[in-house]
Amino acid sequence: MLTTQLRQIKSYPTYQLHAYTRSSSSAAEVMFRICILETMKWLRSRLSRFDTLPEQIMLPEPENYDLLSFDMLQSFSLSIGFNISVVFIESRGVWSFELTETDMGENPGTDRERPPVNGRTFRTEISFMLHNDCVEIGIRTICSEPSDTTAPCKVFRPAIVKMLAQNPMIGLRNEYEMNGQPLDITTRSEANRLIDAVQDPKFNIPVVIAAEAPYEAEECHEISAADVKALLSKHMAALKGYGFDDIQLSLYGLRPADELSSVRVDISHLGFETKLANKDHTISEAKPQMPEKPAVSITDEKADRLRTFDCQRLARKSVGYAFICFVKEDCFGIFNNRMDMKLQCGDVIIIDHNIVIERFPYSVSSADFDEFYCRIKEKVLSLPMRNTVDFGNVVFGSDARLLEIKEKKKQNITIEEKCDLLSQENRELKNKIRDLEQKSAAGNQTSDELRQYRKLLRESEENAAQLSASLNELEMRCRKISDAFYNSASVIKFYKDKAEAAAEFPTEISAVAEWAEREYGEYIEISTRAKSELKKYSGSLDVSTLCDGIYFLSGYAKFKTGRIDKQLLDLYAEHSGWEVQNCGKEALKIYKSDYTMNIDGRKLLMDQHIKYGIKSQVLIRVYFTWDDEAKKIAIGYMPGHLPTVRNST
């Protein structure tokens, strides 16, 4: 029986762009709206053959941006033969769009037609991040296809890029405005600015440099070696009479006769009159006008430059792909000194991520300018394919949905709603894993990142179970004490915060110290010794109980500084019965070195501890002191037991 074999899928980026709008603190929100409306206008143009369009995309035209309010924006998903997903997070200033469609082929009905590739899909992602003074923009297209696909995939720039670039209110830019005009680098400051941009690790736009063309070849008086010998033997003495020695004369192209064999010498700038037609060489009676200083070459000021590569033509086609720059010869030295570029007249150079990836001398471009234009345009338009682009603060697709879930989790919602959000989070993390597996198949993702997201998924699932159990337990306790604390908003807030904190408790002992400093660094400091003991500890340990103890100590620090009262501190202690106890005075004297810790070069005595369990069961001890200088709890040893008077081990 025949059956269709499933094939592994690979994914890789084709078109990619990271950019910004122009900077304007008063108009940032206006530009944010226009970006969204331009995207929806582009989408409606893509759906122009549909009889009816979804109401979610029927927003005002970009020029009517003042009619759009944030209340009209919402997150939604549509499946109408292709998938559309939009995420809007007003509190974060995030609007993210995603369009997934099957491959429809290229250039239908032309001699360049390419039929659709079976199993190939394209996902176009467009995201905007609202900042105080501008909008950050990320646009990319991801191609997914069977891993054994060999059909070529071209880079197509979504039309929305050109729409944003042409909108005068947007001013699409990344260091320079993307307006379809070449950059003229004619001064030192302009050259240094371009080099600074190219050398910035966050600058993702390739740069094409077209160096100023060389001068036309100068006319020379051509004479044979015999003629030069005769001329030099006749007049060398006269030339030396003007104060020139052999070395200085050589700088003008004149060498002693015995060194000549067959040469071309330009001596027109010396003031000689030559008559070569009948080999009758004469020298003018007038005293030749020598330059004040010898020079290796003197160029006729009236000489014209040769034709330079057409930057304007390429710049119009390269909007959103690369910046095209014309560089005057006066600026070559700056590029050569700062980038060791060895730039020469007429060179065309492509730079990407501060690396020269292509170099074409003038002889290549000038051989056929039209053919060279087509060649370099094809190269420039393919640069985004599989390239590495830093999208800054922009979040796409699954990341936007995960961020939206995170924001919703901060709201005052029911347990059922939280569990539903966790389910959504798990689905998105699985989508992330799927995408990373596809990228890995294409060679664009490392196994370390894949393991990281798998670990995140496992932790999310474990946290979901722990959170569900914690929420159920806390819900029961809240009901029991609701009568006594009905009017206490602080108590209600405590249990909400405790539930969220419990969900973030690490499950591995190796992660406890880092988690404690990250979450409670304002209240707790941990000595190097305590971290070391955690790593070496091999006994039985309930990590969540240890974390609960550290959470209690963060509350104790708040109590010590007057931020909470004793009643609220008791709630911190309630779950595991925590109680601050003083260490024995005799033990502190006998084993002072064991009870001493080092914090930032200061020696502190651990005179207090909290405990849970006994040695025959699960034992947890956390030894600490109050650091009055830092106003923090200083933890010096955990989770084992320090020696006492009765027990020295």
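Computed from a predicted model, the values in this text were never measured in an experiment.

Engineer: Where do I start with the pairing of strand β19 (residues 620-627) in this structure?
Structural biologist: Along any regular strand, the residues point their side chains to alternate faces of the sheet. Judged by how many residues are buried, β19 sits mostly within the fold: eight of eight residues are covered. Inspection of the sheet shows strand β18 (residues 608-612) paired to β19 by five bridges, in the antiparallel sense. In the strand pairing of β19, H609 is matched with Y623. Note: β19 against strand β20 (residues 632-637), five bridges, orientation antiparallel. When the sheet's bridge partners are listed, T625 is paired in β20 with A634. The turn linking β19 back onto β20 is made up of four residues, and K631 within it adopts a positive phi angle of 60 degrees.

Engineer: I keep staring at the packing of helix α16 (residues 543-560) against helix α17 (residues 566-574) and nothing clicks. Help me out?
Structural biologist: Helix-helix packing: each pair is described by the crossing angle between the helix axes and the interaxial distance. It is the contact of α16 with α17, at a shortest axis distance of 9 Å, that shows an interaxial angle of 170 degrees. As the angle between them shows, α16 and α17 are arranged roughly antiparallel. Counted together, Y551, F552, S554, G555, Y556, K558 and F559 of α16 and K566, L569, Y572 and A573 of α17 form the full contact between these two elements. Its residues assigned to classes, the contact of α16 with α17 shows seven nonpolar, two polar and two charged.

Engineer: Any chance you could explain the packing of aromatic side chains here in plain terms?
Structural biologist: Considering all chains together, one arrives at 26 aromatic pairs under this definition. For the pair W578 and Y612, a centre-to-centre distance of 5.9 Å together with 45 degrees between the ring planes defines the contact as tilted. One end of the pair, W578, is in the loop between α17 and β15 (581-582); the other, Y612, is in strand β18, and 34 residues separate them in sequence. On the basis of relative accessible area, W578 is assigned to the buried category, the value being 5%.

Engineer: Just to check I follow, could you spell out the confidence of the model for the chain for this structure?
Structural biologist: A low pLDDT means the predicted coordinates there should not be read in detail. Looking at the chain, the pLDDT average stands at 83 and 81% of residues meet or exceed 70. In this model, residues 257-301 is a region of pLDDT below 50 whose contacts with residues beyond four sequence positions or in other chains number 62 contacts.

Engineer: In this structure, what is going on with the packing of helix α3 (residues 188-198) against helix α7 (residues 332-339)? I would like to understand it.
Structural biologist: Viewed as axis vectors pointing N to C, α3 and α7 meet at an angle of 30 degrees, and their least axial separation amounts to 9 Å. With respect to α7, the element α3 is oriented roughly parallel. The handedness of the crossing between α3 and α7 is right-handed. On the side of α3, the interface is formed by R188, A191, N192, L194, I195, D196 and V198, while α7 contributes I334, F335, R338 and M339.

Engineer: What's the story with the side chain of H609 in this structure? I'm lost.
Structural biologist: For H609, the position within the fold is in strand β18. Among residues more than four places away in sequence, those in contact with H609 are E579, V580, Q581, N582, C583, R621, V622, Y623 and F624.

Engineer: Help me understand helix α2 (residues 159-166), please; the structure alone is not making it clear to me.
Structural biologist: It helps to recall that an α-helix has 3.6 residues per turn; residues three or four apart then point in one direction. Burial in α2 covers these residues: I160, V161, L164 and A165. Projection of α2 onto a plane perpendicular to its axis shows the buried side chains occupying an angular sector of 140 degrees, all on one side.

Engineer: Can you walk me through the environment of A634 in this structure?
Structural biologist: By secondary structure assignment, the location of A634 is in strand β20. Accessibility expressed as a relative area gives 0% for A634, which makes it buried.

Engineer: Which parts of the structure should I look at to understand the sheet that holds strand β9 (residues 183-185)?
Structural biologist: In a beta sheet, neighbouring strands are held together by backbone hydrogen bonds and run either parallel or antiparallel to one another. Taken together, five strands build an open sheet; the order of strands is β9-β11-β10-β12-β13 and the sheet is mixed. Where the open sheet ends on each side, the last strands, each with one partner, are β9 and β13 (355-360). The average undirected angle you get between the axes of adjacent strands in this sheet is 25 degrees. In this sheet, strand β12 (residues 348-352) lies alongside strand β10 (residues 207-211) in antiparallel orientation, the contact comprising four bridges. Considered in β12, the bridge of V208 is made with I350.

Engineer: Just checking my understanding: could you explain the pattern of salt bridges for this structure?
Structural biologist: Opposite charge on two side chains permits pairing when their charged atoms draw close. This model, assessed by the stated rule, comprises 33 salt bridges. In this structure, the salt-bridge partner of D103 is R114, at a minimum N-O distance of 3.0 Å. Of this pair, D103 sits in the loop between β4 (94-102) and β5 (121-130) while R114 sits in the loop between β4 and β5, and the two are 11 residues apart along the sequence. Taking relative accessible area as the criterion, R114 reaches 12% and is therefore assigned buried. Taking the shortest distance from any N to any O, the salt bridge between E125 and R140 comes out at 2.5 Å. Of this pair, E125 sits in strand β5 while R140 sits in strand β6 (residues 135-146), and the two are 15 residues apart along the sequence.

Engineer: Please explain the environment of N83 as it appears in this structure.
Structural biologist: Looking at where N83 falls in the secondary structure, it is placed in strand β3 (residues 83-89). The spacing of N83 and T100 is 17 residues in sequence and 5.1 Å in space, taken between C-alpha atoms. Not counting residues up to four positions away in its chain, the partners in contact with N83 are L78, E98, L99 and T100. Engagement of the side chain of N83 in a polar contact is seen with the side chain of S79, the distance being 3.0 Å.

Engineer: Honestly, the nonpolar core in this entry has me stumped. Any pointers?
Structural biologist: Generally speaking, nonpolar side chains in soluble globular proteins are found buried as a group. If you look at the biggest cluster of nonpolar residues, it comprises 93 residues, and the most contacted ones within it are F128, L172, F335 and I376. Sorting elements by how many residues they give to this core places helix α1 (residues 28-46) first, with 10 residues. Core analysis: the next-biggest nonpolar cluster, separate from the first, contains 48 residues, Y520, A530, I564 and L571 among them.

Each value, and the rule that gives it
- Residues numbered from 1 in each chain as written.
- Predicted model: local features only at pLDDT ≥ 70, side-chain atom pairs only at ≥ 80, totals over all residues.
- Heavy atoms only, no water.
- Buried < 20%, exposed > 50% of the residue type's maximum accessible area, 1.4 Å probe, protein only.
- Helix = DSSP H or I, 4+ residues; strand = E, 2+ residues; numbered from the N terminus.
- Pairing = 2+ DSSP bridges.
- Axes fitted to C-alpha atoms, helices over the stretch in contact; angles between N-to-C directions.
- Parallel < 35°, antiparallel > 145°, perpendicular 65-115°, else oblique.
- Contact = heavy atoms within 4.5 Å.
- Nonpolar A, V, L, I, M, F, W, Y, C, P; charged D, E, K, R; others polar.
- Phe/Tyr/Trp six-rings, centres within 6.5 Å; stacked < 30°, edge-to-face > 60°.
- pLDDT = per-residue confidence, 0-100.
- Left-handed = near helix turned anticlockwise from the far one by under 90°.
- Arc of directions from axis to C-beta.
- Salt bridge = Lys/Arg side-chain N within 4 Å of Asp/Glu carboxyl O.
- Polar contact = N/O pair within 3.5 Å; in protein donor to acceptor, adjacent residues only side chain to side chain.
- Core = buried A, V, L, I, M, F, W, Y, C linked by side-chain atoms within 4.5 Å.

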